[in-house]
Amino acid sequence: MYKKKFHNVSLTCMLQGETEGTLEKCRHGVLTKTNDGFRFEESVKRTKYAPNPQLFSGDHVKLTRLKNGNYRINVREIDASTITDANALAFSIYCELQTAYRTIVL
């Protein structure tokens, strides 16, 4: 790494979200030497994208959104030995599906 000082420099800043930079913020970008001084261009902030974000999580049902914008409903594992009333299980899954649907519509 080499150290070089430039005195009396004109610096042009191209910022993404602000018109005036502050000293408290650390910015990432590219510094380029131009004919009339230097130019700093702030890079676009990249956020990590969750591939299938979970929108609803119930006792029996999970609702996620796929990359293409469609929705997927996943039913959790059911231990058949603990089921005493199949109609009650089906009704509770039905109620959770309605709640998950309200999450999409709202």
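The structure under discussion appears in the preceding block.
Predicted model only: the values in this text are computed from it and were never measured.

Draft legend 1. Main features of the packing of aromatic side chains. Evaluated as defined, the whole model comprises two aromatic pairs. Ring geometry for Phe 6 and Phe 38: centres 4.9 Å apart, planes at 65 degrees, overall edge-to-face. You can see Phe 6 sitting in the segment before strand S1 (11-14) and its partner Phe 38 sitting in strand S3 (residues 37-42), a full 32 residues away along the chain. The class of Phe 6 is partly exposed, set by a relative accessible area of 41%. The class for Phe 38 is buried, based on a relative accessible area of 14%. Each ring, one from Phe 91 and one from Tyr 94, has its centre 6.1 Å from the other, and the planes form 35 degrees; the classification is tilted. You can see Phe 91 and its partner Tyr 94 sitting in helix H1 (residues 86-105), three residues apart, about one turn around the helix.

Here is what the cut-offs are and how they apply
- Residues numbered from 1 in each chain as written.
- Predicted model: local features only at pLDDT ≥ 70, side-chain atom pairs only at ≥ 80, totals over all residues.
- Heavy atoms only, no water.
- Phe/Tyr/Trp six-rings, centres within 6.5 Å; stacked < 30°, edge-to-face > 60°.
- Helix = DSSP H or I, 4+ residues; strand = E, 2+ residues; numbered from the N terminus.
- Buried < 20%, exposed > 50% of the residue type's maximum accessible area, 1.4 Å probe, protein only.

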